[in-house]
Amino acid sequence: MNALRRNVRPNVYRGAVLGLMGGAMGVLAMGQYWIRVMPLLTPKSAEFDEPDTEKQQPAPDQHVISPLGQQHEPGESSTAAIGRIAYQAITGRTPGQETRAALSEAVHWSFGLLSGALFGTLTARHSARPGASPLSGVAFGAALWALNDEGLVALLGLQDGPAASPVSGHLNRLGAHVFYGAALGLSVWTLDRVQTE
């Protein structure tokens, strides 16, 4: 009986490693969503048809819902804000534009990889759970969007509240997270099948 119980226990370490690899695929898929799909779904507005002769500063944010107050700068993404805040805490200096872009990308990848590891751990296979699949990945991506993108980052002051963005912005971010989740779930499912054969 002990031998049977050992075989049904999930291998969370293996799940985490598969999730890390799947998370990388998810981040790549999310990037493709922004490059290839979002432009097809979002019509160009008249303001983008004319070239800007001078660089405009982003408008101050007016929809902050955080009890901590606004932690991001106007026009700054949540990943860029996290990177900037960490950089300032470590170095005591404000990062330049190139450093901000690199920090934002590093935060984005870190979050995608760690979320993938969490997914892999949660879906580690045993008799009570079916394991990872593209559908469970889509559900996980949608949950990340709802909990983090729509909730936590706004409550921490890393972006404006939901009223600051049009419905199309929310739907595009949901679409990007669905792409992330589908690629994550498919990757973990495939890697799990390849590893068990």
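Just so you know, these numbers come straight off a predicted model, no measurement behind them.

A. Quick peek at the packing of helix α4 (residues 78-91) against helix α5 (residues 97-122). It is the contact of α4 with α5, at a shortest axis distance of 7 Å, that shows an interaxial angle of 110 degrees. The angle between α4 and α5 falls in the class roughly perpendicular. In the crossing of α4 with α5, the sense of the turn from one axis to the other is right-handed. Contact residues: Thr79, Ala80, Ile82, Gly83, Arg84 and Tyr87 in α4; Thr99, Arg100, Leu103, Ser104, Val107 and His108 in α5. Here the residues of the contact of α4 with α5 are counted per class, giving five nonpolar, five polar and two charged.

B. Just the pattern of salt bridges, in detail. Applying the stated criterion to the full structure yields eight salt bridges. Across the pair Glu73 and Arg100 runs a salt bridge whose closest N-O atoms are separated by 2.8 Å. Within this pair, whereas Glu73 is found in the loop between α3 (46-49) and α4, its partner Arg100 is found in helix α5, the two being separated by 27 residues in sequence. The closest approach of N and O atoms between Glu150 and Arg173, which form a salt bridge, is 3.6 Å. Of this pair, Glu150 sits in helix α6 (residues 134-155) while Arg173 sits in helix α7 (residues 167-196); the two residues are 23 residues apart in sequence, bridging distant segments of the chain. Neither Glu150 nor Arg173 differs from the other in exposure class; each is buried.

C. How the structure looks around helix α2 (residues 12-41). Within α2, the axis deviates most sharply at Tyr33, by approximately 35 degrees. Inspection of α2 places Gly15, Ala16, Leu18, Gly19, Gly22, Gly23, Gly26, Val27, Ala29, Met30 and Tyr33 among the buried residues, and these make up the whole buried set.

D. View of the environment of Arg36. Structurally, the position occupied by Arg36 is in helix α2. A polar side-chain atom of Arg36 sits 2.5 Å from a polar atom in the side chain of Gln32.

How each quantity is defined
- Residues numbered from 1 in each chain as written.
- Predicted model: local features only at pLDDT ≥ 70, side-chain atom pairs only at ≥ 80, totals over all residues.
- Heavy atoms only, no water.
- Axes fitted to C-alpha atoms, helices over the stretch in contact; angles between N-to-C directions.
- Helix = DSSP H or I, 4+ residues; strand = E, 2+ residues; numbered from the N terminus.
- Parallel < 35°, antiparallel > 145°, perpendicular 65-115°, else oblique.
- Left-handed = near helix turned anticlockwise from the far one by under 90°.
- Contact = heavy atoms within 4.5 Å.
- Nonpolar A, V, L, I, M, F, W, Y, C, P; charged D, E, K, R; others polar.
- Salt bridge = Lys/Arg side-chain N within 4 Å of Asp/Glu carboxyl O.
- Buried < 20%, exposed > 50% of the residue type's maximum accessible area, 1.4 Å probe, protein only.
- Bend = angle between axes of the 7 residues up to and from the residue.
- Polar contact = N/O pair within 3.5 Å; in protein donor to acceptor, adjacent residues only side chain to side chain.

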